[in-house]
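# Results of the structural survey
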Amino acid sequence: MLQTLKYPSKKWIAWWAKFTAILAAFNLFLGLFDLSYITMRDVYLRYVPELVTLYDPVKGIEPHPQTEKYLESVDRLVDLVGESGLESQQTEALLTGLRSQSDALIDENPFTGSGKFATFAKLQRRVSDRVGSDSAKQALRRFWTTDYLQTYGVRSELAFFQTRIAPLLDGNYYRPTDDYGQPVDWYWRIDAWFIAFFAIEYLALTFFVSRRRPGVSWGDAMLRRWYDLFLLVPIWRWLRIIPVAVRLHQSKVANMEGILSQITYEPAAYLSDRVSEFVTVRTLNQAQEAITEGDMARAILQPSSYISVGDANTLETITDRLLQLTIYRVLPEVQPELRSLLHYSLDSAFRESAFVELIERIPALQHLPQDTIDNLSNYLANATCDALANAYADEIGRERFDELTQEFQVALRQELQDEKTLDELQTLLSDLLEEVKINYVQRSAERTPEETIEDVEAVFDRIERENAAASSQDST
């Protein structure tokens, strides 16, 4: 059955990737809106009241009965004042009821359940300032009296209440709690559909990846798309920004390269700096351990017991390569210096010879030693380079070099077996690595990670400019 499984086409996969990326972005937006709804509800209530009416049931929000009844009483008073003015028994009864409700409002503080303590404090301050009383309770009792409304104008005072006090009362709400004491929240009913969809998509996608890529199991494919798991977790929904950003970028719905690079700029700089320091120090520490514990000495002195890579003798191959470089590349470059050294050595030897002193006493032969030294040093320098090159190229000469190399290795191993010499060399090499480690860390501390990141970006910019120039040349 699995062998006859038909995989989707690339065009269909690209379309599906765009669709799921947009859906994940919508789910993220909806989740962030839900997380901020309680905080922003007053703003929505003022500018988009229809949205509050639609979404309040999702958060389990209900009108608070106490503040709702208070506002209804004020609305009836406004209607009665418009019909019969303040001089009526019904109006007086409503004012008496509003004074009683005002006392309960201040004493019981119906804003506690919604956590709108600042709103309650603002309501008290506005009423106290309007009436001119230090007590909000006394201010509200005086406000709902016939004398006060007649003295300061019933229409202006009711307009003040409708514009400055009523919105504060209208913003209050009641939110019941569940069996665990948590506020009722039905958003999970909406989010569950998204979680179910992305869970099925996650399983299907990772399954197809595991079938199309040999050596990748279903579990491996799931681990590679670990970031999609944030879409399946009903808590910490703000973390869904990670899979959403990745999906939008991969599906090419939006170019998130700049955003991702800026988000990861500081962490990447410091993380790369720490990782490079850790890797370097770790490598040097392992090299020090190899030297102090004798691993390097065993590699040289006992090559048969050391694990080697490949069939060739690594040490012999390195020695042979060094000989090639020395004979064919190094000696021709240093031939003038070699000639000068031979000239100095021969000149010193001749100067100390009694035979040369005898020759210099003869006038006709005074310049003979110097000419002989010049010619001889030139000859020896040229002959040395040519002889070594010819001998190394010759089959018999190559055998002699191989014998020399082997004898040199044997002699070196024998000399290094001396415990005192070996300890001294190990100590020197360990100290050298310690110096390298200290100096590297010190230089790394002098250079900030941001400077390293800037250097990397400069290299990438240069590469992009070169590629752009090459593309323009190809097009022309």
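Every value quoted in this text rests on a predicted model; they were computed, and no experiment measured them. (Residues numbered from 1 in each chain as written. Predicted model: local features only at pLDDT ≥ 70, side-chain atom pairs only at ≥ 80, totals over all residues. Heavy atoms only, no water.)

### Describing the overall build of the protein chain
As a reminder of what qualifies: By definition, any uninterrupted DSSP run of H or I lasting at least four residues is a helix, any uninterrupted run of E lasting at least two residues is a strand, and each is numbered from the N terminus. For every residue, the accessible area obtained with a 1.4 Å probe (protein chains only) is divided by the maximum for its type, and the residue is called buried under 20%, exposed over 50%, and partly exposed between those limits. In this analysis, two residues are considered to be in contact whenever any of their non-hydrogen atoms come within 4.5 Å of each other. Note on areas: Shrake-Rupley with a 1.4 Å probe; residue coverage comes only from the protein chains shown.
Along the protein chain, the regular secondary structure elements total 21 helices and two strands. Across the 476 residues that make up the protein chain, the buried fraction comes to 29%. Look at the contacts in the protein chain between residues 6 or more apart in sequence, and 66% of them connect residues 24 or more apart. Of the roughly 31700 Å² that the protein chain leaves accessible, carbon and sulfur atoms contribute 59%.

### Regarding the nonpolar core
Let me state the cut-off plainly: Buried residues of nine kinds, namely Ala, Val, Leu, Ile, Met, Phe, Trp, Tyr and Cys, make up a nonpolar core once their side-chain atoms join them within 4.5 Å.
Among the nonpolar cores identified, the biggest contains 32 residues, and Tyr70, Leu77, Trp144, Phe161 and Leu169 are the most heavily contacted of them. Taken together, the elements giving at least two residues each to this core come down to helix H3 (65-84), helix H4 (89-108), helix H5 (117-131), helix H6 (136-143), helix H7 (146-152) and helix H8 (154-170). No other element matches the eight residues that H8 contributes to this core. When sequence neighbours within four positions are dropped, the list of residues in contact with leucine 169 reads Thr67, Tyr70, Leu71, Leu105, Phe111, Leu123 and Phe161. Counting residues in hydrophobic clusters, the runner-up holds 20 residues, among them Tyr37, Val52, Tyr173 and Leu231.

### Describing a nonpolar patch on the surface
We count it as follows: In this scheme, patches are assembled from residues that exceed 30% relative accessible area and form no salt bridge. Like charges are connected within 9 Å, while nonpolar side chains (Val, Leu, Ile, Met, Phe, Trp, Tyr) are connected within 5 Å. In the sections that follow, a salt bridge refers to a side-chain nitrogen of Lys or Arg positioned within 4 Å of a carboxyl oxygen of Asp or Glu.
Together, Leu32, Leu35, Ile235, Trp236 and Trp238 make up a nonpolar patch on the protein surface, roughly 570 Å² of accessible area in all. Its place among the elements puts leucine 35 in helix H1 (residues 10-47).

### Some thoughts on the pattern of salt bridges
Scanning the entire structure with this criterion turns up 14 salt bridges. Arginine 175 serves as the salt-bridge partner of aspartate 185, at 4.0 Å between the closest nitrogen and oxygen. Taken together, the residues aspartate 185 in the loop between strand S2 (173-174) and helix H9 (187-212) and arginine 175 in the loop between S2 and H9 connect sequence positions 10 residues apart. Overall, aspartate 185 belongs to the partly exposed group, its relative accessible area being 29%. Among the residues examined, arginine 175 registers a relative accessible area of 19% and is labelled buried. A salt bridge links arginine 225 to aspartate 228, with the shortest nitrogen-to-oxygen separation between them at 2.8 Å. With respect to burial, arginine 225 and aspartate 228 carry one shared label: buried. Sharing partners across several salt bridges, the network here consists of Asp34, Lys59, Arg175, Asp185 and Arg237.

### Considerations on the packing of aromatic side chains
The following threshold applies: Centre distance within 6.5 Å is the pairing criterion for rings of Phe, Tyr and Trp, where only the six-membered ring of Trp is used; planes under 30 degrees apart are then read as stacked, over 60 as edge-to-face, and the remainder as tilted.
Here the structure, examined in full by the defined rule, presents 26 aromatic pairs. An angle of 45° between the planes, with centres 6.4 Å apart, marks the rings of tryptophan 12 and tryptophan 15 as tilted. Taken together, the positions of tryptophan 12 and tryptophan 15, both in helix H1 and three residues apart, correspond to about one turn of that helix. Aromatic side chains tryptophan 12 and tryptophan 16 sit 5.5 Å apart centroid to centroid with 5° between the ring planes, which places their arrangement in the stacked category. Pair noted here: tryptophan 12 and tryptophan 16 are both in helix H1, with a separation of four residues, about one helical turn. Taking relative accessible area as the criterion, tryptophan 12 reaches 42% and is therefore assigned partly exposed. A relative accessible area of 24% places tryptophan 16 in the partly exposed class. Taken together, the aromatic side chains of Tyr70, Phe143, Trp144, Tyr148, Tyr152, Phe160 and Phe161 make up a single cluster linked through ring pairs.

### So, the environment of phenylalanine 208
Positionally, phenylalanine 208 belongs in helix H9. For the pair phenylalanine 208 and tryptophan 218, spaced 10 residues apart in sequence, the C-alpha separation works out to 8.6 Å.

### Observations regarding a positive patch on the surface
We count it as follows: By the counting rule applied here, Lys and Arg register as positive and Asp and Glu as negative, while His and the ends of each chain are not counted. Charged side chains are reduced to one point each, which is NZ for Lys, CZ for Arg, CG for Asp and CD for Glu.
Taken together, the side chains of Lys10, Arg212, Arg213 and Arg224 define a basic patch exposed on the protein surface. Within the fold, arginine 212 resides in helix H9. You can call arginine 212 partly exposed: its relative accessible area is 45%.

### Considerations on the packing of H3 against H4
Using the following cut-off: Helix axes are fitted only over the stretch in contact, all axes being lines through C-alpha atoms; the angle between N-to-C directions runs from 0 to 180 degrees. Working definition: roughly parallel below 35 degrees, roughly antiparallel above 145 degrees, roughly perpendicular at 65 to 115 degrees, and oblique for all remaining angles. Two helices cross in a left-handed way if the nearer one is turned anticlockwise from the farther one by less than a right angle. They cross in a right-handed way if the turn is clockwise. In this classification, the charged set is Asp, Glu, Lys and Arg, the nonpolar set is Ala, Val, Leu, Ile, Met, Phe, Trp, Tyr, Cys and Pro, and all remaining amino acids, among them Gly, are polar.
The interhelical angle for the contact between H3 and H4, taken along N-to-C directions, is 155°, at an axis separation of 10 Å. By the angle between their axes, H3 is roughly antiparallel relative to H4. Seen along the crossing, H3 lies across H4 with a hand that is left-handed. Along the contact surface, H3 presents Gln66, Thr67, Lys69, Tyr70, Ser73, Val74, Arg76, Leu77, Leu80, Val81 and Ser84, while H4 presents Gln90, Thr91, Leu94, Leu95, Leu98, Gln101, Ser102, Ala104, Leu105 and Glu108. For the contact of H3 with H4, the class distribution of residues is 10 nonpolar, eight polar and three charged.

### Points about the environment of alanine 17
Within the fold, alanine 17 resides in helix H1. Along the primary structure alanine 17 and arginine 247 are separated by 230 residues, whereas in three dimensions their C-alpha atoms are 7.4 Å apart.

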